[in-house]
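Coordinate analysis (summary)
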Amino acid sequence: MPVQGERETAGAAEQNAAQTLCKTNPHEAMKPGEWESLCDGCARCCLEKLEDEDTGKIYFTHIACTLLDAERCACKDYPNRQAKVADCVRLTPENVRTLNWLPSSCAYRLVAEGRDLYWWHPLISGDPNTVHDAGVSVRGRVWGSEDEVEEADLEDHIVQWPNLLPKRARLKTPPRSR
């Protein structure tokens, strides 16, 4: 059984391997599984967004795509999402650099910008729940689905939090449990 120090060393090695993968593999060179692993599972990209026609500024709402399971922060029909949701955008190495609505914490965006992933990213932490523990995911923050809100009423549901990171998520390392 490994002792505490050995577990921490193994964890650091996994973190370094994940950061190296992201730094040394351009998006275009990633295999499909590597590309998909960049998704941290926050589901912020699955929130309805509005664009100001005059300024191009993007406004997030707390209204989710009809296919989002807001508790799991996952698509209910990921393989068929584009056939079921006309405006669903498939993130690709070719388009990720041009999408101005990706949250600043999005791993696809971070890697495209040559930045490191946050401690709570599952590739770094080794735990898919850290994105929720850090308060980054939409879990518990979605008001409803696009099926429940008229498009004309979306302006009433604009929120700021998808553009922000909670303090604990901005830390360089995970907060210590008490």
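If you're wondering where the values come from, they're calculated on a predicted model, not measured in any experiment. Think of each chain on its own: its residues are numbered from 1, step by step along the sequence as written. Residue-level local features of this predicted model are given only where pLDDT is at least 70; pairs of side-chain atoms are given and counted only at 80 or more, and the full residue set underlies all totals for whole chains, interfaces and linings. Hydrogens are left out, water is left out, and the side-chain values use all remaining heavy atoms of the structure.

1. Quick notes on the environment of Arg97
As for its position among the elements, Arg97 is in the loop between helix H3 (81–84) and helix H4 (107–112). Overall, Arg97 belongs to the partly exposed group, its relative accessible area being 48%. Here the alpha-carbon distance between Arg97 and Arg109, two residues twelve residues apart in the chain, equals 6.8 Å. Contact partners of Arg97, with chain neighbours within four places excluded, come to His27, Glu28 and Ala112. Going along the chain from the N terminus, every DSSP run of H or I of four or more residues is numbered as a helix, and every run of E of two or more is numbered as a strand. Only protein chains enter the accessibility calculation, which uses a 1.4 Å probe. A residue is then buried if its area is under 20% of the maximum for its type, exposed if over 50%, and partly exposed in between. Here, two residues are considered to be in contact whenever any of their heavy atoms come within 4.5 Å of each other.

2. A short note on unusual backbone geometry
The phi dihedral of Ala43 falls on the positive side, at around 70°, and the residue is not glycine. Here Ala43 shows up in the loop between helix H2 (32–37) and strand S1 (47–51). Ala43 gets classed as buried once you look at its relative accessible area, which sits at 7%. Phi is positive for Cys73, close to 55°, though the residue is something other than glycine.

3. Things to note about the sheet that holds S1
Within a sheet, neighbouring strands are paired by backbone hydrogen bonds and run either parallel or antiparallel to one another. At least two DSSP bridges between two strands are required for those strands to pair. If you trace the three strands from one edge of the open sheet to the other, you get S1-S2-S5, paired in mixed fashion. This sheet does not close on itself; its edge strands, each paired only once, are S1 and strand S5 (144–145). Pairing between S1 and strand S2 (residues 58–64): four bridges, direction antiparallel. Bridge pairing links Leu50 to Tyr59 in S2.

4. Brief notes about the pattern of salt bridges
We count a salt bridge whenever a side-chain nitrogen from Lys or Arg sits within 4 Å of a carboxyl oxygen from Asp or Glu. Enumeration according to the criterion identifies five salt bridges in this entry. The shortest N-O distance in the salt bridge between Asp69 and Arg72 comes to 3.4 Å. We note a salt bridge from Glu113 to Arg115, for which the minimum N-O separation is 2.8 Å. For Glu113, a relative accessible area of 42% puts it in the partly exposed group.

5. Quick word on the confidence of the model for the protein
One rule of thumb: low pLDDT means the predicted coordinates there are not for detailed reading. The quantity called pLDDT is the predictor's confidence in a given residue, expressed from 0 to 100. Per-chain confidence: the protein averages 87 in pLDDT, with 85% of residues scoring 70 or above. Segment residues 1–10 is flagged for pLDDT under 50; beyond a separation of four residues in sequence, or across chains, it makes one contact in the model.

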